[in-house]
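# Understanding the architecture of this molecule
Here is how the chains run, residue by residue.
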Amino acid sequence: MSKLSFAAAVILKTIDSGAAYGFSIMEATGLPSGTVYPALRRLEAAALIKAQWEKQSIADKEQRPPRRYYTVTRAGRTALDAARERYPLLVSV
Amino acid sequence: MNIETLAYIVPRARREEWLAEWRAELAFLADRPEARRALAKGALRDAVHLRVEQDFAPGAPMRQLATLAAIAGLCAVAAANAQHIPGKAPAFAFLIAVVLLILPATMPMSRGDYSAVDTRNRRAFFFAKLTLVLTACYFTWCAALPHVKHGTAHATMIACVAALRWAIIEQRHRCPVCLHKLQQPVRVGQPSYTLLGWSGTEWICAKGHGVLHEPIAPTTSFMRHTWSRLLY
C-alpha cells in the first residue's frame, strides 16, 4: 500500500502525531468509526502501523480494560511522506 | 446489538482480540450513550470488514475445497475399498476429457487480456484450485459408485462441468495481482448500444490494483474480459 487514500493518510498522520487508539483517532480526525477501524485494519495489514496492547497494570490503575495502541512503523513514515507530497492539504488537517 | 453478538461475525482467529479492543473502546463511554452508539456502528462495519477480508482472500476457497476433498476422500474410503480407488482414475480421466469437450459449449472460454500484469501467481492459483476441484469430484464419484447403480457417469459429468465452470468464473473475478475477489460490480453501457460504446460489468480490486472490464456479450470490438491497472 504505497499509495494511500486521503482518509488513510489523515489517519496515519493522526497516529503519527500522537493519537494512539481507535476512539482518540476518531475524535482527532472527525471521521466516523465505520471509516476509522477498517482503515486501521488495512494500514496494519500493510505494515504501515503496528498495534500493541497496553500494560495491564496501567489499565488497572485507571480502572478500565487495556487499550490497543497504534504506532507508525518506518514504512508508515515513508508512506506518510509520500502522502504529504500527494495531498498538500494534509499539512493543514 | 451488543458487541459480544457482533463478535460472531469476526473470523474466529481474530475474535478474541477484536472483542478485547472494542470492549476497551466502549468502556470509557458508558456515560455517553450517543458516542457509544456511534462507535458501535463502527464495530459492525469493522466486523463485516474483517469477515469480508477473510472470505475474499485467496486462501478461503482453497481451504474450503481442501476440506471438501478431504471429506469426499474419507467417504470414498468408507464406501469402497481404499485399494480400488486408484483403479477408477483412467475412467475418471476419460470423463474429464468428455467434460472438456462439453465445457466450451456452456460458457465463453476466452482467456482474457491480462497483458498489463505478471500472471504466474494467478495461473498457479488456478491450477491448484482445479486440482482440488477435480480431486473432490473424483472422490465423490468413487464414494457414489458402490451405492448407485445407474447414471453415475452422467451425474459426475454434469457435476464436473458445473465445478469447472465455477472454478473458471471464480478465477475471472479475482484480482490477478493479489488474488483477492474483485468487488463492487457496476453495469456500464447498454447492450443495445454496442456500436457506440461497450456494454458490460466493471469489477474493482478493493486493494486498488485495477479494474476488470467484462463484456455482457462478446462483440467484435470487445471480445474478452480485460484487466486495466489503476494508475495513480
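See above for the structure.
The present account deals with the structure reproduced in this document. (Residues numbered from 1 in each chain as written. Chains lettered and ligands numbered in written order. Predicted model: local features only at pLDDT ≥ 70, side-chain atom pairs only at ≥ 80, totals over all residues. Heavy atoms only, no water.)

### Things to note about the overall build of chain B
A tally of helices and strands in chain B yields seven helices and four strands. Put simply, chain B runs from its N terminus to its C terminus through helices and strands in the order α-α-α-α-α-α-α-β-β-β-β. By the burial criterion, 39% of the 232 residues in chain B qualify as buried. The long-range fraction of contacts in chain B, counting pairs at least 24 apart against all pairs at least 6 apart in sequence, stands at 60%. Looking at chain B as shown, the accessible area adds up to about 13,400 Å², and 63% of this sits on carbon and sulfur atoms. (Helix = DSSP H or I, 4+ residues; strand = E, 2+ residues; numbered from the N terminus. Buried < 20%, exposed > 50% of the residue type's maximum accessible area, 1.4 Å probe, protein only. Contact = heavy atoms within 4.5 Å. Areas by Shrake-Rupley, 256 points an atom, 1.4 Å probe, with all protein chains shown as cover.)

### A look at the nonpolar core
In this structure, Leu4, Leu12 and Leu40 of chain A together with Trp18 of chain B are the most contacted members of the largest nonpolar core, which totals 40 residues. Taken together, the elements giving at least two residues each to this core come down to helix 1 (6–16), helix 2 (22–29), helix 3 (33–45), strand 2 (68–72) and helix 5 (74–86) of chain A together with helix 1 (3–6), helix 2 (12–27) and helix 3 (33–56) of chain B. Counting residues per element, this core draws most heavily on helix 1 of chain A, which supplies six residues. Each residue touching Leu4 of chain A, except ones within four places of it in the same chain, is listed here: Ala9, Leu12, Leu43, Leu48, Ala79, Ala83, Arg86 and Tyr87 of chain A. Core analysis: the second largest hydrophobic core is formed by 24 residues, Phe92, Ile96, Leu130 and Trp141 of chain B among them. (Core = buried A, V, L, I, M, F, W, Y, C linked by side-chain atoms within 4.5 Å.)

### Some words on the pairing of strand 2 of chain A
Residues and elements named next belong to chain A. Burial along strand 2 is one-sided: the face carrying Arg68, Tyr70 and Val72 is buried and the face carrying Tyr69 and Thr71 is not. With five bridges connecting them, strand 1 (residues 49–53) and strand 2 associate as antiparallel partners. Its bridge partner being in strand 2, Trp53 is matched across the sheet by Arg68. (Pairing = 2+ DSSP bridges.)

### Focus on the interface of chain B and chain A
Each partner contributes residues to the interface: chain B has 22 residues there, and chain A has 19 residues. Counting the surface lost from both chain B and chain A, the interface buries some 1,800 Å², and carbon and sulfur atoms represent 60% of this. Counting across the interface, chain B meets chain A through four salt bridges. Of the charged contacts in the structure, one is a salt bridge between Glu21 of chain B and Arg68 of chain A, with a shortest N-O distance of 3.4 Å. (Buried area = accessible area lost by both parts, 1.4 Å probe. Salt bridge = Lys/Arg side-chain N within 4 Å of Asp/Glu carboxyl O.)

### A closer look at unusual backbone geometry
A negative phi holds for most residues other than glycine; trans holds for most peptide bonds. At Gln63 of chain A, a residue that is not glycine, the phi angle is positive and equals roughly 55°. Relative to the elements of secondary structure, Gln63 of chain A occurs in the loop between helix 4 (56–61) and strand 2. Overall, Gln63 of chain A belongs to the exposed group, its relative accessible area being 73%. Located in the positive-phi region is Leu179 of chain B, a residue other than glycine, with phi close to 65°. Relative to the assigned elements, Leu179 of chain B resides in the loop between helix 7 (152–172) and strand 1 (183–188).

### Describing the packing of aromatic side chains
Residues and elements named next belong to chain B. Taken as a whole and judged by the stated rule, the model has nine aromatic pairs over all chains. Here the aromatic rings of Tyr138 and Phe139 are separated by 5.9 Å at their centres, their planes lie at 40°, and the arrangement is tilted. Among the aromatic side chains, those forming a connected cluster through ring pairs are Phe92, Tyr138, Phe139 and Trp141. Here the basic side chain of Lys129 rests over the ring of Trp166, its NZ or CZ set 5.8 Å away from the ring centre. Over the aromatic face of Phe56 sits the side chain of Lys181, whose NZ or CZ is 5.9 Å from the ring centroid. (Phe/Tyr/Trp six-rings, centres within 6.5 Å; stacked < 30°, edge-to-face > 60°. Lys NZ or Arg CZ within 6 Å of the ring centre and 35° of its normal.)

### Thoughts on the packing of helix 1 of chain A against helix 3 of chain A
All names here are of chain A. Interaxial distance between helix 1 and helix 3 falls to 10 Å at its minimum, and their mutual angle equals 80°. Taken together, helix 1 and helix 3 sit at an angle that is classed as roughly perpendicular. Note on element contacts: helix 3 touches helix 1 through Thr35, Val36, Ala39, Leu40 and Leu43, opposite Ala7, Ala8, Ile11, Leu12 and Ile15. A per-class count over the contact of helix 1 with helix 3 returns nine nonpolar, one polar and no charged. (Axes fitted to C-alpha atoms, helices over the stretch in contact; angles between N-to-C directions. Parallel < 35°, antiparallel > 145°, perpendicular 65-115°, else oblique. Nonpolar A, V, L, I, M, F, W, Y, C, P; charged D, E, K, R; others polar.)

### Thoughts on the layout of surface pockets
Residue and element names in this part refer to chain B. Taken as a whole, the second largest pocket encloses approximately 570 Å³ of empty space. Contributions of two or more residues to the lining of the second largest pocket are made by helix 5 (89–106), helix 6 (120–144) and helix 7. Per-element tally for the lining of the second largest pocket: the top contributor is helix 6, with six residues. Of the residues assigned to the lining of the second largest pocket, the class counts are 11 nonpolar, five polar and four charged. (1 Å grid on protein atoms, 1.4 Å probe; cavity = no way out; pocket = protein on both sides within 12 Å on 5 of 7 lines; lining within 4 Å. Points joined across faces, edges and corners; volume = space filled by probe spheres on them.)

### A look at the pattern of salt bridges
Residues and elements named next belong to chain A. Evaluation of the coordinates by the stated rule reveals 12 salt bridges over all chains. In this structure, Arg77 engages Asp16 in a salt bridge whose closest nitrogen and oxygen atoms are separated by 3.1 Å. One end of the pair, Arg77, is in helix 5; the other, Asp16, is in helix 1, and 61 residues separate them in sequence.

### Looking at the state of the cysteines
Residues and elements named next belong to chain B. Applying the stated criterion to the full structure yields zero disulfides over all chains. No disulfide involves Cys137; its sulfur sits 4.0 Å from that of Cys160, the nearest cysteine. For Cys137, a relative accessible area of 13% gives the class buried. (Disulfide = S-S within 2.5 Å.)

### Quick word on the sheet that holds strand 4 (residues 226–229) of chain B
Residue and element names in this part refer to chain B. Spatially, four strands are ordered 1-2-3-4 in an open sheet, and the strand pairing comes out antiparallel. Strand pairing shows two members of the sheet lacking a second neighbour, strand 1 and strand 4, which therefore form its edges. Averaged over all neighbouring strand pairs, the angle between strand axes comes to 20°, with direction disregarded. As paired strands, strand 3 (residues 210–215) and strand 4 are joined by four bridges and run antiparallel to one another.

Shape descriptors only; they carry no functional weight alone.
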